[in-house]
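Here is how the chains run, residue by residue.
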Amino acid sequence: MPHPHRRAALGPTIALLLAVGAAQAQTTPAGAASASAPASASTVAADPVDLQDIRNFSRVYELVRQAYVEKVDNKTLMKAAITGMLAGLDPHSEYLDKEGLQQLSEDTSGQYSGLGIEVLQVDGGLRIVSPIDDTPAARAGIKPGDSIVKINGRLVDPQNVNEMFQQLRGKPGSKITLTIMHEGSDKLVDLPLVRELISVSSVKVRELEPGYAYIRISQFQDDTTADLQKKLGELIAKDGPQKGAVLDLRNNPGGLLTAAVGVSDDFLDSGVIVTTRGRLADANMSFSAHPGDQLDGAPMIVLTNHGTASAAEIVSGALKDNHRALTMGQRSFGKGVVQTVLPLDADHAVKITTARYYTPNGTSIQAEGIKPDIALAELSVSQADSPPVLISSEADLPNHLANEKATPAADINNDGSAADAKLATSDYALAQALNVLKGMALRQPMAAPH
């Protein structure tokens, strides 16, 4: 799964609580700092290990050592056994060695060397959840839902997916060729790519037009909340209070639970943001908002699609259930479980699913996703050709009476439709979100400047 993760004060048992994204990605984060919890005596007594199962495991182990076509050392076999046990639980639990822990740390800081894609193992293959903005994968045209069929000409091996994941990373400047099958196509496409040092700035803020902010969050990493506060604060200081804002979480694969809580809190004055529930006491948590809405209650639209996952769904659900924003677009991915990193020693840990998370209304989105308030298909539009119009208004008629209050330099033909058409042809969903946002803003008085 995708993964930026952040440390949180979670008690002595749970070292690191992660609402990691919907992909086993070429990105993963952060180290862990506490001991794993032993099973209680009552749990062991209620479900003792069957001796026959132990015998079967031992026999299989010896058969592999003796009869497998190539010699396999004990260390490799034990690692494979642990990896297989965790992989059999769910798509998000995994065994982390020193390199895996390093990847976690890289993702927390938002820096690593690779291609910039979030990848999930599906039916033994590698499925793209989303490319990260402004990375080699995004520039090459890789889209959510695409499948990686080959890496450097070698078919993806469902028995050795972890090795395949490792190949996606490498030194900056090193080359790799991915054979991709785009979603909805039956043709294979070879994409030669060059790995880069990916420094992911997860927040971008700008005005779509005067008074309407556009906030793009590509993933939830360690500095996302602070970055959002800084950049949105600078926009408001420069251009004044906003009439409304679009929060774009499309193709956001998730990341740190704490970052998702922080971003939600930035737009809420009160109310529950998210709750988590698991078997361990430390996994049962509730996060609530504090006074202080950066937009002072100005209306919001949250854009989602099938690549909106995990931590991004926490934010979508929090703003939707608290009636702070309308969600618009497509149903989200539906990754509603939380992972915790539990250390084994200094260089090894397990990332294991320890809780489900629930939106403020108590809804679990696991395997169902968040249904948008306003559904939008994944469409693109093009501007229709039209012949020149000689007379388009009263002002074009001969001997028309002038408007006595008209501004001399005013262009009456500039009604905003040209800019609207330009946005619609480049990003149809965003153009629709802006139109809805304007309608919402008309019903709400402008916030007074501070």
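So, a few notes on the structure that sits alongside this text.

Each value, and the rule that gives it
- Residues numbered from 1 in each chain as written.
- Predicted model: local features only at pLDDT ≥ 70, side-chain atom pairs only at ≥ 80, totals over all residues.
- Heavy atoms only, no water.
- Axes fitted to C-alpha atoms, helices over the stretch in contact; angles between N-to-C directions.
- Helix = DSSP H or I, 4+ residues; strand = E, 2+ residues; numbered from the N terminus.
- Parallel < 35°, antiparallel > 145°, perpendicular 65-115°, else oblique.
- Contact = heavy atoms within 4.5 Å.
- Nonpolar A, V, L, I, M, F, W, Y, C, P; charged D, E, K, R; others polar.
- Pairing = 2+ DSSP bridges.
- Buried < 20%, exposed > 50% of the residue type's maximum accessible area, 1.4 Å probe, protein only.
- Polar contact = N/O pair within 3.5 Å; in protein donor to acceptor, adjacent residues only side chain to side chain.
- Core = buried A, V, L, I, M, F, W, Y, C linked by side-chain atoms within 4.5 Å.
- Salt bridge = Lys/Arg side-chain N within 4 Å of Asp/Glu carboxyl O.

1. Structural notes on the packing of helix 7 (residues 224–239) against helix 8 (residues 257–266)
Then, number 1: At a closest axis distance of 8 Å, the pairing of helix 7 and helix 8 adopts a crossing angle of 25°. Comparing the axis directions of helix 7 and helix 8 gives the class roughly parallel. Listed contacts from helix 8 to Thr224, Thr225, Leu228 and Gln229 of helix 7 are Thr258, Ala259, Gly262, Val263 and Asp266.
Then, number 2: Looking at the contact of helix 7 with helix 8 residue by residue, the classes come out as 3 nonpolar, 5 polar and 1 charged.

2. Observations regarding the pairing of strand 11 (residues 203–209)
Then, number 1: The sheet contact formed by strand 11 and strand 12 (residues 212–217) spans 6 bridges and is antiparallel. Each residue of the ladder has a partner; that of glutamate 207, found in strand 12, is alanine 213.
Then, number 2: Taken together, strand 11 and the strand that follows it, strand 12, pair antiparallel across an intervening segment of 2 residues, in which glycine 211 is found at a positive phi of about 95°.

3. Some points on the side chain of serine 93
Then, number 1: Structurally, serine 93 can be placed in the loop between helix 3 (74–87) and strand 2 (94–96).
Then, number 2: By relative accessible area, serine 93 is classed as buried at 4%.
Then, number 3: Of the polar contacts made by the side chain of serine 93, one reaches the backbone nitrogen of threonine 353; its length is 3.1 Å.
Then, number 4: Excluding its chain neighbours within four sequence positions, the residues that come into contact with serine 93 are Leu86, Ala87, Lys351, Ile352 and Thr353.

4. Some remarks on the sheet that holds strand 20 (residues 374–375)
Then, number 1: Read from one edge to the other, the open sheet built from 6 strands follows the order 11-12-13-16-17-20, with strand pairing classed as mixed. Sheet topology places strand 11 and strand 20 at the edges, where each strand pairs with a single neighbour.
Then, number 2: Here 4 bridges tie strand 16 (residues 300–304) to strand 17 (residues 326–329), and the two strands are oriented parallel to one another. Its bridge partner being in strand 17, valine 302 is matched across the sheet by threonine 327.
Then, number 3: Together, strand 11 and strand 12 form the strand contacts of helix 7, whose direction differs from that of strand 11 by roughly 30°.

5. Concerning the nonpolar core
Then, number 1: Formed by 41 residues in total, the largest nonpolar core has its most connected members in Phe220, Leu247, Phe267, Ile273 and Leu319.
Then, number 2: Looking at this core, the element that brings in the most residues is helix 9 (residues 311–321), giving 6 residues.
Then, number 3: Filtering out sequence-adjacent residues up to four positions away, leucine 319 remains in contact with Leu247, Ser264, Phe267, Leu268, Met300, Val302, Arg324 and Ala325.
Then, number 4: By size, the runner-up hydrophobic cluster in this structure holds 19 residues, among which are Ile128, Ile151, Leu178 and Leu193.

6. Regarding the pattern of salt bridges
Then, number 1: Inspection of the entire model under this criterion finds 15 salt bridges.
Then, number 2: Here arginine 65 makes a salt bridge to glutamate 62, at a shortest N to O gap of 3.2 Å. Placement of both arginine 65 and glutamate 62 in helix 2 (residues 51–67) is noted, with a separation of 3 residues, approximately one turn of the helix.
Then, number 3: Glutamate 62 sits in the partly exposed class, given a relative accessible area of 31%.
Then, number 4: Aspartate 427 serves as the salt-bridge partner of arginine 250, at 2.8 Å between the closest nitrogen and oxygen.

Honestly, it's all geometry; don't read function into it.
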